[in-house]
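# Structural features, examined
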There are 2 protein chains.
Amino acid sequence: MKTIGIIGLGLIGGSIGLSLKKYNYNIIGFDFNKKNLDYAIKIGIIKKVSSFKNLIETSSIIILSIPVNEIVKILDGILKKINNKQVVFDTGSTKYSICKSVFSNINRGRFVAIHPIAGIENSGPKYSNSNLFYKKNCIICDKKLSDPDALLITEKILNFLKMDISYMRSKDHDIYMSYISHLPHVISFVLSRTIFEKFMYDKKKLIKMVGNGLISTTRLSKSSPNTWTPIFLENKYNLINAISLYINFLESFKNLLLKKNFEKIHKYLKKYNINEMI
Amino acid sequence: MKTIGIIGLGLIGGSIGLSLKKYNYNIIGFDFNKKNLDYAIKIGIIKKVSSFKNLIETSSIIILSIPVNEIVKILDGILKKINNKQVVFDTGSTKYSICKSVFSNINRGRFVAIHPIAGIENSGPKYSNSNLFYKKNCIICDKKLSDPDALLITEKILNFLKMDISYMRSKDHDIYMSYISHLPHVISFVLSRTIFEKFMYDKKKLIKMVGNGLISTTRLSKSSPNTWTPIFLENKYNLINAISLYINFLESFKNLLLKKNFEKIHKYLKKYNINEMI
């Protein structure tokens, strides 16, 4: 029976463990957070807690589900320790700095850079579920830099998770993601800040006026700071461009309001309905 | 049996009709859109289609569920035609310009300005449901300007809808709403525009990368232009202030990114979690 070692038993790592349970793997895990480890054993995400060293030595497949800055810190060292049958993949939301960190590693081929686009605003193993990845998108980056067998093994796991796979350069992935995912997160945190500043001395009034609109637009502000601080920083230049473009469009919308141009605003709202795109 | 006349049989008017069905009212309706009228009869939102004139003459309670600019246009005329037993209330999302339009009307007391905070991104009677208002917030504005009996009758209806009522000045309502509701709508439409500009020639790539984050943050961009163009314009000065404050906070977040200040960003994301407020 092949051993799968999951490093990081939060929402993503935990859900991978639960999703792979029905397949024939020996799933072991490591996490710096003892609570996560206890929980992972308790609900059966993993069969056994492992030391970091033992996990690297004994796992056929090593999965890194930790914040992106920590992946950048340890991936190069892990690849140097493994043999040419083992496979490593990460699940980070940024990909360029991770791929760059192992570009000249002699074992680069054993690594597959993936991004399962399946996160939710809640974090930690208690939100894990075996359905998290069902029919969700997954991007594999820079696949030509992975050995064909390592790629196949990773794709097999992603098929077990029922994900829809596509392929992309890591650099492009990060540019696109800065608009599709990282900007929406910034938008949500900053809206939440705006609401704080206006209502911090008047929470009661806020609660009496709140509706579904605010709730869905600020949902992402519940996301984990441990996960998202590194994502924003690893992708900061793309993200700054995305925020700047967004600010330009907010300014131009303000101008439409100032000009009281009913027709133009109506056309704008009709055109920029996200249903036309997705 | 008292007659209730609903003018405007979209999502809100339609849902009011359905919610009041089990009570002892003769519910009639008027809409300029023939499709809405046919649909309202078909699914039993109203018992009978009425002419505008007949509805005003025969209804004990007249409900205006039409875009806010149209309320401003017709409310003054309606109040001039009714007697001192009839009651009119509107359901518009802005309140100040509506209240101002009838401030010196001799029948001002027969009008109650309310805002049921229950909209969804879908519009039209086909999305109506009798549960739309259940435990949602409803604001009654400038209640001192309404006759006590008109207020009581309106509150009775809101109790039938199971809404949580609170009271506020119309001017304050519009300021608060510019932050709590109108700004989130602008944010969503403008994010949707940003996504259009970046991906209009590459929809396929967008679809392969999209996740729940973008979906919830752009949900409001599906809202009806007929409803929202007038809301934005009626409340434009408050809204411009809200957008400006929001842009300032976006700029300062960009600066945190530029300074690569991990600690400060982490603290920011931890602090501005909307769960701390609502």
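For every chain, the first residue of the written sequence is number 1, and numbering continues from 1 along that sequence. Chains carry letters and ligands carry numbers; both start at the beginning, A for chains and 1 for ligands, and go up in the order they are written. Under the rules for a predicted model, residues below a pLDDT of 70 receive no local features and side-chain atom pairs below 80 are neither given nor counted, while totals for whole chains, interfaces and linings still include all residues. Heavy atoms from the whole structure form the basis of all side-chain values; hydrogens and water molecules are not counted.

### Focus: the overall build of chain A
Looking only at helices and strands, chain A has 12 helices and eight strands in total. If one aligns the C-alpha atoms of chain A with their principal axes, the spans along those axes are about 65 × 40 × 30 Å. Any residue under 20% of the maximum accessible area for its type is buried, any over 50% is exposed, and the rest in between are partly exposed; the area is computed with a 1.4 Å probe on protein chains only. Here chain A holds 278 residues, and 60% of them are scored as buried. Long-range pairs, those at least 24 residues apart, make up 70% of the contacts in chain A between residues at least 6 apart in sequence. Here, Shrake-Rupley sampling with a 1.4 Å probe gives the accessible areas, and only protein chains in the shown set may cover a residue. Element-wise, carbon and sulfur atoms account for 53% of the exposed surface of chain A, whose accessible area totals about 11900 Å². Considering chain A, the positive charge centre built from 42 side chains and the negative charge centre built from 20 side chains are found 4 Å apart. A run of H or I in DSSP becomes a helix once it reaches four residues, and a run of E becomes a strand once it reaches two; helices and strands are each numbered from the N terminus. What makes two residues a contact is simply this: any of their non-hydrogen atoms within 4.5 Å. Only four residue types enter the tally: Lys and Arg on the positive side, Asp and Glu on the negative side; His and the chain ends are excluded. By convention, the point assigned to a charge is CZ for Arg, NZ for Lys, CD for Glu and CG for Asp.

### What to know about the interface of chain A and chain B
The interface of chain A with chain B comprises 89 residues on the first partner and 89 residues on the second. Buried area adds together the accessible area that both of two parts lose upon being put together, with accessible area traced by a 1.4 Å probe. Roughly 9100 Å² is buried in total at the junction of chain A and chain B, and carbon and sulfur atoms are behind 74% of that figure. Looking only at chain A, the three residues that lose the most surface to chain B are Met209(A), Tyr272(A) and Met277(A), adding up to 9% of its buried area. Here, a salt bridge means any side-chain nitrogen of Lys or Arg that lies within 4 Å of a carboxyl oxygen of Asp or Glu. Where chain A meets chain B, there are zero salt bridges. The term polar contact refers here to a pair of N or O atoms within 3.5 Å; inside protein, the definition further demands a hydrogen-donor-capable atom paired with an acceptor-capable atom, and it admits residues adjacent in sequence only when both atoms are side-chain atoms. Counting every contact that joins chain A to chain B gives 28 residue pairs in polar contact (both at pLDDT 80 or more). Looking at the side of chain A that touches chain B, the elements with two or more residues in it are β7 (137-141), β8 (164-168), α7 (170-199), α8 (203-209), α9 (212-217), α10 (225-234), α11 (236-258) and α12 (262-271) of chain A. It is α7(A) that contributes the most residues to the side of chain A that touches chain B, 20 residues altogether. The residue classification treats Ala, Val, Leu, Ile, Met, Phe, Trp, Tyr, Cys and Pro as nonpolar and Asp, Glu, Lys and Arg as charged. All others, Gly included, are polar. Considered class by class, the residues forming the side of chain A that touches chain B number 51 nonpolar, 21 polar and 17 charged.

### Concerning helix α7 (residues 170-199) of chain B
Residue and element names in this part refer to chain B. Each residue after the first adds 1.5 Å to the expected span of a helix. Between the first and last C-alpha of α7 there are 41 Å, a value that for 30 residues agrees with the 44 Å anticipated at 1.5 Å per step. Ser 178 marks where α7 bends most, by close to 50°. Within α7, 25 of the 30 residues are buried, leaving the element largely enclosed by the surrounding structure. Bend angle per residue: angle between axes fitted to the 7 residues ending at that residue and the 7 residues starting there.

### Considerations on a positive patch on the surface
A cluster of basic residues, Lys259(A), Lys264(A), Lys267(A) and Lys271(A), forms a positive patch on the protein surface. Secondary-structure assignment places Lys264(A) in helix α12. Patch definition: residues with relative accessible area over 30% and no salt bridge; like charges joined within 9 Å; nonpolar side chains (Val, Leu, Ile, Met, Phe, Trp, Tyr) joined within 5 Å.

### Section: the domain arrangement of chain A
You'll often see interface size given as the accessible area lost when the parts meet. Residue and element names in this part refer to chain A. Along its sequence, chain A is carved into domain 1 (2-168) and domain 2 (173-277). Just the C-alpha atoms count here: the centres of domain 1 and domain 2 sit 31 Å apart. Listed per partner, the contact involves 16 residues of domain 1 and 14 residues of domain 2. Carbon and sulfur atoms make up 66% of the surface buried where domain 1 meets domain 2, a total of about 1300 Å² over both sides. For the purposes of this description, domain bounds are those given by an automatic or database domain assignment.

### Structural notes on the sheet that holds strand β7 (residues 137-141) of chain B
All names here are of chain B. As summarised here, the arrangement of the eight strands in space is β3-β2-β1-β4-β5-β6-β7-β8, forming an open sheet in which the pairing is mixed. Every other strand in the sheet has two partners, leaving β3 (48-49) and β8 (164-168) as the edge strands with one partner each. Each pair of strands is called paired provided DSSP finds at least two bridges between the two strands. Relative to strand β4 (residues 61-64), strand β1 (residues 2-7) is paired through four bridges, and the arrangement is parallel. In the strand pairing of β4, Ile 6 is matched with Ile 63. Against the sheet, helix α4 (residues 68-81) contacts β1, β4, β5 (87-90) and β6 (111-116), and its axis sits at roughly 165° relative to β4. Lines are fitted to the C-alpha atoms to define the axes, a helix being fitted only along its stretch in contact, and any angle between axes, read from their N-to-C directions, falls within 0 to 180 degrees.

### Quick look at the pairing of β5(B)
Residues and elements named next belong to chain B. In β5, alternate side chains face the same way, and those of Val 87 and Phe 89 on one face and Val 88 and Asp 90 on the other are all buried. Pairing of β4 with β5, which is carried by four bridges, proceeds in the parallel orientation. Counted as the bridge partner of Ile 63 is Phe 89 from β5. As defined by bridge partners, β5 adjoins β6 across three bridges and the pair is classed as parallel. Each bridged residue has a counterpart across the sheet, and for Phe 89 the counterpart in β6 is Val 112. Every crossover in which the path from the first strand over the helix to the second runs clockwise, viewed with the strands pointing away from the viewer, is termed right-handed. Regarding topology, helix α5 (residues 96-101) serves as the crossover connection from β5 to the parallel β6, and that connection is right-handed.

### Re the environment of Gly109(A)
All names here are of chain A. Residue position: Gly 109 is located in the loop between α5 (96-101) and β6 (111-116). In the structure, Gly 109 is positioned 73 residues away from Asn 36 in sequence and 31 Å away in space, judged by C-alpha atoms. Those residues in contact with Gly 109 that lie beyond four places of it in its chain are Leu 145, Ser 146, Asp 147 and Ala 150.

### Topic: the state of the cysteines
All names here are of chain A. Here, a disulfide means two cysteine sulfur atoms that sit within 2.5 Å of each other. For the structure shown, the criterion picks out zero disulfides over all chains. Cys 99 takes part in no disulfide bond, and the closest cysteine sulfur, belonging to Cys 141, lies 6.0 Å away. By relative accessible area, Cys 99 is classed as buried at 3%. In this structure Cys 138 is a free cysteine whose sulfur lies 9.0 Å from that of Cys 141, the closest cysteine sulfur available. Judged by its relative accessible area of 0%, Cys 138 is buried.

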